[in-house]
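Coordinate inspection notes
One-letter residues, chain by chain:
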Amino acid sequence: MDLSPRHRLLPAAAAVVTVLLWASAFVVIRTAGDAYSPGALALGRLLAGGLTLGVLCAIRREGWPPRGAWPGIVVSGVLWFGFYMVALNWGEQRVDAGTAALVVNVGPLLIALFAARFLGDPMPPRLLAGMAVSFTGAVIVGLSMSAGGGGSSVLGVVACLLAAVAYAAGVVAQKPAVARASALQVTTFGCLIGAVACLPFTGQLVSEASHAPLPATLGMIYLGVFPTALAFTAWAYALARTSASKLGATTYAVPALVVLMSWLALGEVPGPVMLGGGLLCLAGVAVARSRGRTAPAQVADAAPAPIGCPEPR
């Protein structure tokens, strides 16, 4: 195995780029969402991302992905590129960017859960305990927004939770695909499939783009080029070189970055109860990802992880 500094640092750098760009997406969605409906914004973002990725594929002369990669590409394209983006856009029209990021960041916990079910990872008691803690945090966020913002805000929290489920399912589906195809192939065709899934919103996109302010349209294009084309490709590159659950843990930094960015750019800061509930969501993720003490004899006798599955973490 290549253990050179370059081999180790490139996936880490790709993860950092992904985290920064995805954090910025939460803020830009809030501004572009004033002019575009959730489905139209998702379709416009995917079209901009697909065009960018298509040009990169042409330059690099990337062909079609191998047949074995298509199931993961299709599932991640529909769920992560398509459904996730629509649900997140819808949620951010009802909750602030920081709260949305806190709720969506239950995703790493769900990644561990889905990886246990579909990739053969173990499901330790801490995972179940973490799920309970994160669920409690999500309930607190929902109740606090119900008291302060009405049923619309509760629906926003639910939409963000649905986005987290789609994000986690997309990551787990994508893991086998990046073992068979390049990161650029997986991202490009996943983005195109997501765009096809969002084609029913074409009429809305055309109508809204005709009278949307220029900053909102530029924000939509930014979402397609940077948080989608660049960040998703960087993510796929890193995912091919590490486990799904380990890489998912890098997104723990996203909510803090989003709160900072939304405070600086939008003047939005989650209220204390909402912030406490969101932090409880993250605490549940931390509990689920923590390791208990293992006796040396148990470590020595432990069975190796199945080939091709993420390592137990």
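Residues numbered from 1 in each chain as written. Predicted model: local features only at pLDDT ≥ 70, side-chain atom pairs only at ≥ 80, totals over all residues. Heavy atoms only, no water.

What about the overall build of the protein chain?
- Across its full length, the protein chain carries 14 helices and zero strands.
- Reading the protein chain from its N end, one meets helices and strands in the order α-α-α-α-α-α-α-α-α-α-α-α-α-α.
- Taking all 313 residues of the protein chain together, 51% fall into the buried category.
- Expressed as a percentage of contacts within the protein chain between residues at least 6 apart in sequence, the contacts between residues at least 24 apart total 90%. (Helix = DSSP H or I, 4+ residues; strand = E, 2+ residues; numbered from the N terminus. Buried < 20%, exposed > 50% of the residue type's maximum accessible area, 1.4 Å probe, protein only. Contact = heavy atoms within 4.5 Å.)

Section: the environment of P213
- With respect to the helices, strands and loops of the structure, P213 is situated in the loop between α9 (202–209) and α10 (214–239).
- Look at P213 and you get partly exposed, because its relative accessible area is 46%.
- Distance in space between the C-alpha atoms of P213 and A35 is 7.3 Å, their sequence separation being 178 residues.

Some points on helix α3 (residues 70–92)
- For α3, which comprises 23 residues, the first-to-last C-alpha distance of 31 Å matches the rise-based estimate of 33 Å (1.5 Å per residue) to within 8%.
- Remark: the principal bend of α3, roughly 35°, maps to Y84. (Expected span 1.5 Å × (residues − 1). Bend = angle between axes of the 7 residues up to and from the residue.)

Quick look at the packing of aromatic side chains
- Considering all chains together, one arrives at 13 aromatic pairs under this definition.
- Between F81 and F232 the ring centres are 4.6 Å apart and the planes differ by 40°, which places this aromatic pair in the tilted class. Of this pair, F81 sits in helix α3 while F232 sits in helix α10, and the two are 151 residues apart along the sequence.
- Assessed through its relative accessible area of 0%, F81 is described here as buried.
- For F232, a relative accessible area of 2% corresponds to the buried category. (Phe/Tyr/Trp six-rings, centres within 6.5 Å; stacked < 30°, edge-to-face > 60°.)

Some remarks on helix α4 (residues 97–104)
- With eight of eight residues buried, α4 lies mostly within the body of the structure.
- Listed in full, the buried residues belonging to α4 are A97, G98, T99, A100, A101, L102, V103 and V104.

Focus: unusual backbone geometry
- You will see that R61, though not glycine, has its phi angle at about 55°, which is positive.
- For R61, the location among the structural elements is in the loop between α2 (38–60) and α3.
- Judged by relative accessible area, which is 76%, R61 ranks as exposed.

Some points on the environment of I140
- Note that I140 resides in helix α6 (residues 125–149).
- We classify I140 as partly exposed; its relative accessible area is 30%.
- When the C-alpha atoms of I140 and L280 are compared, they prove to be 8.8 Å apart, with 140 residues separating the residues in sequence.
- Residues within four places of I140 in sequence aside, it is in contact with V273, G277 and L280.

Some words on the confidence of the model for the protein chain
- Of the residues in the protein chain, 78% have a pLDDT of 70 or more, and the chain-wide mean is 81.
- No element of the protein chain has a lower mean pLDDT than helix α14 (residues 296–301), at 40, and none a higher one than α9, at 97.
- Here residues 294–313 scores under 50 on pLDDT; set against residues more than four positions off or in separate chains, the count is 16 contacts. (pLDDT = per-residue confidence, 0-100.)

So, the nonpolar core
- Ranked by size, the top nonpolar core spans 80 residues in total, and within it F26, Y36, W80, Y84 and W235 carry the most contacts.
- Once you skip the residues sitting within four places of it in the chain, Y36 turns out to touch L41, Q93, L205, E208, A209, A212, A216, T217 and M220. (Core = buried A, V, L, I, M, F, W, Y, C linked by side-chain atoms within 4.5 Å.)

So, a nonpolar patch on the surface
- A surface patch of nonpolar side chains, about 400 Å² in accessible area, is lined by L51, V55, L56 and I59.
- Examined against the element boundaries, L56 turns out to sit in helix α2. (Patch = residues over 30% accessible without salt bridge, like charges linked within 9 Å, V, L, I, M, F, W, Y side chains within 5 Å. Areas by Shrake-Rupley, 256 points an atom, 1.4 Å probe, with all protein chains shown as cover. Salt bridge = Lys/Arg side-chain N within 4 Å of Asp/Glu carboxyl O.)

Topic: the packing of α3 against α10
- Contact geometry for α3 and α10: axes closest at 13 Å, N-to-C directions at 130°. As summarised for this structure, α3 and α10 are arranged oblique, according to the angle between their axes. Our pair here, α3 against α10, has a crossing hand that is right-handed. Facing α3, whose interface residues are W80, F81 and M85, α10 presents T228, F232 and W235.
- For the contact of α3 with α10, the class distribution of residues is five nonpolar, one polar and no charged. (Axes fitted to C-alpha atoms, helices over the stretch in contact; angles between N-to-C directions. Parallel < 35°, antiparallel > 145°, perpendicular 65-115°, else oblique. Left-handed = near helix turned anticlockwise from the far one by under 90°. Nonpolar A, V, L, I, M, F, W, Y, C, P; charged D, E, K, R; others polar.)

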